[in-house]
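In case you want the letters, here they are:
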Amino acid sequence: MSTTNGQWYPPDWPERIRRLAVGELTPVTPRRAATVLLLRDGAEGPAVHMLRRRTSMAFAAGAYAYPGGSVDPRDERGVAWAGPSRREWARRLGLSADDGTAAQAIVCAAVRETFEEAGVLLAGPTPHTVVADTTGEEWDADRAALVARELSFADFLDRRGLVLRSDLLGCWARWITPEFEPRRYDTWFFVAAMPHGQRTRNASTEADHTVWIRPAEAAAGYDRGELLMMPPTIATLRDLEPYGAVADVLAAAPDRDLTPVLARARLEEGQVVLSWPGYDEFTKHIPTGPGPMGGAS
């Protein structure tokens, strides 16, 4: 693992970028994914729920992130739905207006992954209510079955008579994994208020620690090199810093620019120049020769 400040870089990036630049590497088609910034109000402003990936993980070990994951094909199955229509969500997510099925799958993935990894469920018995408590053996058994893909999210909601509350989500950003990565994701970042009565817990097998933290505090930890994060994570944290309440964040979501952010890389005088358009702080010059990447600037 290599870092500059708190930014994490896989050690094989320079070689993969070189291969892409000279036409030796064919980009992998990204899988659609969703992640959720769960927020709650505190005395000093909103706090966000974050997970720390286990140090044993092959990718981004020890990095802080949000609950999330890739779309399950079964997320397209019909579910009881509250909030904006699927067509409206398609337009908001940057899809074709006729692609409501894909939009539903992305929103379902956001809600499902939040339940799987944080134990928080954005669904309720009616279009205007939310489950008050998701603790207990039966809930844990359902969550484990979802994680194991033994149970589809549609069947889970149907069996419990629950309505998916898409209106509790706001879409905040969209980032696509760089073309040189072997595993790529087209990820929509959502914001949501922590439902009253529910509580987060570390329900993820990929995380060894969870924390509620103010965005400014997390960003400061990144700047000091104490908290490791990938560019989308620290970028979304910085975006949240100006807001004084969760309601303000949710109110701002409809006006957010969801143009996908995709890294650009080029070879220049024996170095890889890696940048994310619109986010100059992430621009790095990485040596392509032998030796650690810790010398990146």
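Reference entry: report on the structure contained in this document. All values reported here derive from a predicted model rather than from experimental measurement.

Our focus in this paragraph is helix H7 (residues 231–240). For H7, a buried count of eight out of ten residues is recorded, marking the element as mostly surrounded by other parts of the structure. When H7 is considered as a whole, its buried residues turn out to be Pro231, Pro232, Thr233, Ile234, Ala235, Thr236, Leu237 and Leu240.

A few words on the sheet that holds strand S16 (residues 271–276). Ordered by their spatial adjacency, three strands build an open sheet running S15-S16-S17, and the pairing between neighbours is antiparallel. Taken across any chain shown, the strands that pair with only one partner, and hence form the sheet edges, are strand S15 (264–268) and strand S17 (279–287). Strand after strand, the sheet turns through a mean of 20° between neighbouring axes, direction not considered. Bridge analysis of S15 against S16 gives five bridges, and the strand direction is antiparallel.

Right, let's talk about the packing of aromatic side chains for a bit. Under the criterion given, the structure shown has ten aromatic pairs. Ring centres of Tyr66 and Phe189 lie 6.4 Å apart, and the angle between their planes is 90°; this geometry places the pair in the edge-to-face category. Of this pair, Tyr66 sits in the loop between strand S5 (63–65) and strand S6 (68–70) while Phe189 sits in strand S11 (residues 185–193), and the two are 123 residues apart along the sequence. The class for Tyr66 is buried, based on a relative accessible area of 5%.

Looking now at the nonpolar core. In a soluble, globular protein the nonpolar side chains are often hidden away together inside. Judged by nonpolar contacts, the single largest core of 43 residues is most densely connected at Leu121, Leu169 and Phe190. Elements represented by at least two residues in this core include exactly strand S3 (31–42), helix H2 (86–92), helix H3 (100–118), helix H4 (137–147), helix H5 (153–160), strand S10 (169–176) and S11. Among the nonpolar cores identified, the runner-up in size contains 37 residues, and Trp175, Met230, Leu240 and Val272 belong to it.

H5 packs onto H4 with a crossing angle of 160° between their chain directions and a minimal axis gap of 10 Å. Relative to H5, the element H4 is oriented roughly antiparallel. Seen along the crossing, H4 lies across H5 with a hand that is right-handed. On H5, the residues touching Glu138, Trp139, Asp142 and Leu146 of H4 are Phe153, Phe156, Arg159 and Arg160. Of the residues assigned to the contact of H4 with H5, the class counts are four nonpolar, no polar and four charged.

Here is what the cut-offs are and how they apply
- Residue numbers here run from 1 along each chain, matching the order of that chain's written sequence.
- Note on the predicted model: pLDDT of at least 70 is required for a residue's local features to be given, and 80 or more for side-chain atom pairs to be given and counted; whole-chain, interface and lining totals, by contrast, use all residues.
- With hydrogens and water excluded, all non-hydrogen atoms of the structure serve as input to the side-chain values.
- Working definition: with a 1.4 Å probe on protein chains only, accessible area under 20% of the residue-type maximum means buried, over 50% means exposed, and in between means partly exposed.
- Elements are defined by DSSP. Helices are runs of H or I of four residues or more, strands are runs of E of two residues or more, and each kind is numbered from the N terminus.
- The rule for pairing is simple: two strands pair if DSSP sees at least two bridges between them.
- Interaxial angles span 0 to 180 degrees and are taken between N-to-C directions of axes, which are lines fitted to C-alpha atoms, for helices over the stretch in contact.
- Each Phe, Tyr or Trp ring, with Trp reduced to its six-membered ring, pairs with another whose centre is within 6.5 Å; inter-plane angles below 30 degrees give stacked pairs, above 60 give edge-to-face pairs, and intermediate values give tilted ones.
- Throughout, nonpolar core names a set of buried Ala, Val, Leu, Ile, Met, Phe, Trp, Tyr and Cys residues whose side chains join them through atoms within 4.5 Å.
- Roughly parallel means an angle under 35 degrees; roughly antiparallel means over 145; roughly perpendicular covers 65 to 115; every other angle is labelled oblique.
- We call a crossing left-handed when the near helix sits turned anticlockwise from the far one by less than a right angle, and right-handed when that turn is clockwise.
- Between two residues, a contact is recorded if the distance between any of their heavy atoms is within 4.5 Å.
- Each residue receives one of three labels: charged for Asp, Glu, Lys and Arg, nonpolar for Ala, Val, Leu, Ile, Met, Phe, Trp, Tyr, Cys and Pro, and polar for the others, Gly being one of them.

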